[in-house]
Amino acid sequence: MLTAKQKELLLYIHERIKETGVSPSFDEMKEALDLASKSGIHRLITALEERGFLRRLAHRARALEVLKLPESATPASPAKGRMAFRPAVVGDGRAANDSVPILGKIAAGVPIEAVQNEIGRIVVPPDLAVEGEHFALEVRGDSMIGAGILDGDVVILKRAESAESGDIVVALIDAEEATLKRLRKRGNSIALEAANPAYETRIFGPDRVRIQGKLVAMMRRYS
C-alpha cells in the first residue's frame, strides 16, 4: 500500500519518462509535489525502491526506472498550477514500442569505432518511433554543438541507407568508423560537415561512406 504522496510521485515520474525519455530532476519532483525540500523527495524515492516500484540506475544522472505501477493508477487531482497527467498502465511500467535500443556511443568529433551492439534501451514518446526502425546512440564530442547536440546527449535515429543533403546522419566510413555529422552532397563526393568551426569538413568518395541512420530526435539528461 502506497501513501498518497508516494503514489503521486510514482505516477509523475512514470509520465515524465514516457513524455521525455528521462526521469525528472529532484527540483522538478519537489515542485510537482509542492514539497518544501528535496529531502522529502529522497525519502519518497527510497520508500518506493523498498516497495519494488522504482529502481535507481547506477552511474547515470537522473536515472530512475519505474518497475511497476499501483493497481489503481488514477492520479489524484493535481495541485493548483500543475497540469494533470494521464499515466498508462503497462506490464513493467513501459510499453515495448515506447523504447528504442541504445547501440553504443557515437563520435561528434573525430570518428570512433563502428556502431556497437545493444547496451540498453531508452524510452521515447509513443508517437516518435511510429514508422520504421529506430535506434539511439550516446554522443561523445563537441563537433555538433552548433546544431544543438552536446557531449552526453542521446540522439534518436531512424535507420536509413540514404539521406538528403543537409540531413544529420550517422555515417559509417570505410566499414570501420562511425560518426555523427551533417551530410552534404558535392557532385560525386560526400562531405561530412561538423557544426563547430574547430573541426574541418571531411570529403569522401561515395563508395567509402554508408548511411546508417538519420537524426529524428535528441534527448538530454540534466543532473
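Here the residue index of a chain counts from 1 through its sequence in written order. Where totals are concerned, whole chains, interfaces and linings use all residues; where local detail is concerned, this predicted model gives features only for residues with pLDDT of at least 70, and gives and counts side-chain atom pairs only at 80 or more. Side-chain numbers come from the whole structure's heavy atoms, not from hydrogens or water.

A few words now on the overall build of the protein. Going along the chain from the N terminus, every DSSP run of H or I of four or more residues is numbered as a helix, and every run of E of two or more is numbered as a strand. The number of helices and strands found in the protein is three helices and 12 strands. Using a 1.4 Å probe on the protein chains alone, a residue whose accessible area is under 20% of its type maximum counts as buried, one over 50% counts as exposed, and one in between counts as partly exposed. Residues classed as buried in the protein amount to 44% of the 223 residues present. At a minimum sequence separation of 6, the contacts of the protein that also span at least 24 residues come to 60%. Accessible area for the protein stands at about 12000 Å²; split by element, carbon and sulfur atoms hold 49% of it. For this analysis, residues touch if any pair of their heavy atoms sits within 4.5 Å. What sets the accessible areas is the Shrake-Rupley method with a 1.4 Å probe; for residues, cover comes only from the shown protein chains.

Moving on to the packing of helix 1 (residues 4-20) against helix 2 (residues 26-33). For helices, the axis comes from a line fit to the C-alpha atoms of the stretch in contact; other axes are also lines fit to C-alpha atoms, and the angle between any two N-to-C directions lies between 0 and 180 degrees. Interhelical geometry of helix 1 versus helix 2 gives an angle of 125 degrees and a closest axis separation of 11 Å. By the criterion of interaxial angle, the relationship of helix 1 to helix 2 is oblique. Helix-helix and strand crossings are classified by hand; for helix 1 and helix 2 the assignment is right-handed. Contact residues: Lys5, Glu8, Leu9, Tyr12, Ile13 and Arg16 in helix 1; Glu28, Met29, Ala32 and Leu33 in helix 2. When residues are grouped by polarity, Ala, Val, Leu, Ile, Met, Phe, Trp, Tyr, Cys and Pro land in nonpolar, Asp, Glu, Lys and Arg in charged, and all others, Gly among them, in polar. Considering only residue class, the contact of helix 1 with helix 2 consists of six nonpolar, no polar and four charged. Working definition: roughly parallel below 35 degrees, roughly antiparallel above 145 degrees, roughly perpendicular at 65 to 115 degrees, and oblique for all remaining angles. In a left-handed crossing the near helix is turned counterclockwise from the far helix by less than a right angle, and in a right-handed crossing that turn is clockwise.

Detailed reading of the predicted model is not advised wherever pLDDT is low. Considering every residue of the protein, the mean pLDDT works out to 78; 78% of them sit at 70 or more. The secondary structure element of the protein with the lowest average pLDDT is strand 4 (residues 112-113), at 50, and the one with the highest is strand 10 (residues 189-193), at 95. Per residue, pLDDT measures the predictor's confidence, with a range of 0 to 100. Taken together, the stretch residues 73-97 has pLDDT below 50 and engages in 39 contacts with residues farther than four places along the chain or on a different chain.

This part takes up the packing of aromatic side chains. Any pair of Phe, Tyr and Trp rings, taking the six-membered ring for Trp, is counted once the centres come within 6.5 Å. Such a pair is stacked with planes under 30 degrees apart, edge-to-face with planes over 60 apart, and tilted for the rest. Counted under the stated rule, the structure contains zero aromatic pairs. Positioned over the ring face of Phe53 is Lys68, at 4.7 Å from the centre of the ring. Over a ring means this: the NZ of a Lys or the CZ of an Arg is within 6 Å of the ring centre and within 35 degrees of the ring normal.

On to the nonpolar core. Among the buried residues, those of types Ala, Val, Leu, Ile, Met, Phe, Trp, Tyr and Cys that are joined through side-chain atoms within 4.5 Å form a nonpolar core. One finds Leu9, Leu10, Ile13 and Met29 to be the most contacted residues of the largest nonpolar core, which totals 20 residues. The set of elements that each furnish at least two residues to this core consists of helix 1, helix 2, helix 3 (38-50) and strand 2 (64-66). In terms of residues, this core owes the most to one element, helix 1, which gives six residues. Of all hydrophobic cores here, the second largest spans 15 residues; its members include Leu137, Val155, Ile168 and Ala178.

This part covers the environment of Ile45. Among the structural elements, Ile45 can be located in helix 3. In this structure the C-alpha to C-alpha distance between Ile45 and Leu10, which are 35 residues apart in sequence, comes to 8.3 Å. Residues in contact with Ile45, not counting those within four places in the same chain, are Leu9, Phe26, Met29, Leu54, Arg56 and Leu64.

This part takes up the pattern of salt bridges. Salt bridge, as used here, is a side-chain nitrogen of Lys or Arg placed within 4 Å of a carboxyl oxygen of Asp or Glu. Applying the stated criterion across every chain, the model contains 10 salt bridges. Between Glu65 and Arg55 there is a salt bridge, with its nearest N and O atoms 2.3 Å apart. Of this pair, Glu65 sits in strand 2 while Arg55 sits in strand 1 (residues 54-56), and the two are 10 residues apart along the sequence. You can call Glu65 buried: its relative accessible area is 15%. On the basis of relative accessible area, Arg55 is assigned to the partly exposed category, the value being 40%. One salt-bridge network, in which partners are shared between bridges, spans Glu138, Arg140 and Asp151.

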